[in-house]
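# Remarks on the overall topology
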Amino acid sequence: MFNKLKNIASKIAIKYIKNTNIIGIGSGTTISHFIDILYTEKKNIKGVISASKNSTEKLKKYNFNIYEINKIKKIGIYFDSADEINNKMQMIKGGGAALTNEKIISSFSNIFICIIDQSKYVKQLGKLHPVPIEIIPLAKAFIIKQLLCIGAIAKPRINTITEHGNIILDVYKLNLNNPIKIEKYINNIPGVVTVGLFTQRCADIVIIGKNDYTVSVINKKNFQLY
Ligand code: 5RP
């Protein structure tokens, strides 16, 4: 069922591509569906900035041009999913360990379109998933201790090395009543590369594949898309 929901939501998301510019693309199973649809609908785009090796591989297989982010001035639209998103468009991301690239590319983009199935649209962040943090391996014990100071339990993710050669801590029992404050707190711990809370760079539009196979679009700020 979840695959079908990712699929129908991706089909709506793709309609937001109105010109042939470069788009940003995230990572994960939802985005894998999105890339398939991008190919089958023959969207005529100039190229793509990709957030992970997996996405890049798939995009190359379909002959999309891959651009390097440092050579680009700005990205129009960024498409990605999330592990959880709330009604303020704040997210937990990083289930696929690509959070650092995802945060950089989305922050470089004018509009962030988040594609999800209904299970990911939550009242409060952190009830379903831990918050991932990419960290420098040397800082592991120190960071775990700093998180313990705020009552959180951080567990190193087994068998995971990020594309930047770092490790991931999955953080449980974080008090996320004020996720903006927590994102800042964790960002300030030495050795943290990226925290998978997206409260500064929130989504602009969320596209939800619902259990009854309809799709809802939330575009609170009425972002006009090219
Ligand atoms: C990867 C991510 C993904 O967007 C998130 O984990 C959702 O993945 P999926 O589409 O497989 O459910 O943040 O780092």
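Residues numbered from 1 in each chain as written. Predicted model: local features only at pLDDT ≥ 70, side-chain atom pairs only at ≥ 80, totals over all residues. Heavy atoms only, no water.

Close contacts around the ligand come from 17 residues, with Thr29, Thr30, Asp83, Gly94 and Lys120 the closest. A distance of 3.4 Å separates an oxygen atom of the ligand from a polar side-chain atom of Asp80. Gly96 places a main-chain nitrogen or oxygen 3.3 Å from an oxygen atom of the ligand. Coverage of the ligand by the protein amounts to 90% of the 380 Å² it exposes when considered alone. Looking at the shell around the ligand, the elements with two or more residues in it are α2 (29-40) and α4 (99-107). Classifying every residue of the shell around the ligand by side-chain character gives four nonpolar, eight polar and five charged. (Near = heavy atom within 4 Å. Polar contact = N/O pair within 3.5 Å; in protein donor to acceptor, adjacent residues only side chain to side chain. Areas by Shrake-Rupley, 256 points an atom, 1.4 Å probe, with all protein chains shown as cover. Helix = DSSP H or I, 4+ residues; strand = E, 2+ residues; numbered from the N terminus. Nonpolar A, V, L, I, M, F, W, Y, C, P; charged D, E, K, R; others polar.)

Turning next to helix α3 (residues 53-61). Those residues of α3 that fall on the buried side of the exposure criterion are Ser55, Thr56, Lys58 and Leu59. Seen along its axis, α3 keeps its buried residues to an arc of 165 degrees; they face one direction. Turned more than 90 degrees away from the buried face of α3 sit Lys53, Asn54, Glu57, Lys60 and Lys61, all of them exposed. Where α3 is buried, its residues contact β1 (22-25), α2 and β2 (47-50). (Buried < 20%, exposed > 50% of the residue type's maximum accessible area, 1.4 Å probe, protein only. Arc of directions from axis to C-beta. Contact = heavy atoms within 4.5 Å.)

Applying the stated criterion to the full structure yields seven salt bridges. With a closest N to O distance of 3.1 Å, Asp36 and Lys58 form a salt bridge. Of this pair, Asp36 sits in helix α2 while Lys58 sits in helix α3, placing them 22 residues apart in sequence. The class for Lys58 is buried, based on a relative accessible area of 17%. Where Lys93 meets Asp80, a salt bridge forms, and the shortest distance between an N and an O atom there is 2.8 Å. Taken together, the residues Lys93 in the loop between β5 (91-92) and α4 and Asp80 in strand β3 (residues 75-80) connect sequence positions 13 residues apart. Given the relative accessible area of 3%, Lys93 is considered buried. On the accessibility criterion, Asp80 (0% relative accessible area) is buried. Through salt bridges that share partners, Asp80, Lys93 and Glu102 make up one connected network. (Salt bridge = Lys/Arg side-chain N within 4 Å of Asp/Glu carboxyl O.)

Under the 1.5 Å per step criterion, the end-to-end length of α2 is 17 Å for twelve residues, consistent within 8% with the ideal 16 Å. Listing the buried residues of α2 in full gives Thr30, Ile31, His33, Phe34, Ile35, Ile37 and Leu38. Of the surrounding secondary structure, the elements contacted by the buried residues of α2 are α1 (2-13), β1, α3, β3 and β6 (109-117). Phi for Lys42, located one or two positions after α2, is positive at around 50 degrees. (Expected span 1.5 Å × (residues − 1).)

What follows concerns the sheet that holds β2. Strands sit in the order β2-β1-β3-β6-β12-β13 across an open sheet of six strands; the sheet is mixed. Every interior strand has two partners, whereas the edge strands, β2 and β13 (215-218), have only one. Each adjacent strand pair in this sheet contributes to an overall mean axis angle of 20 degrees, direction not counted. As defined by bridge partners, strand β12 (residues 205-209) adjoins β13 across four bridges and the pair is classed as antiparallel. Considered in β13, the bridge of Ile208 is made with Ser216. Contacts between α1 and the sheet are confined to β3, β6, β12 and β13, with β6 contributing the most and set at about 150 degrees to the helix. (Pairing = 2+ DSSP bridges. Axes fitted to C-alpha atoms, helices over the stretch in contact; angles between N-to-C directions.)

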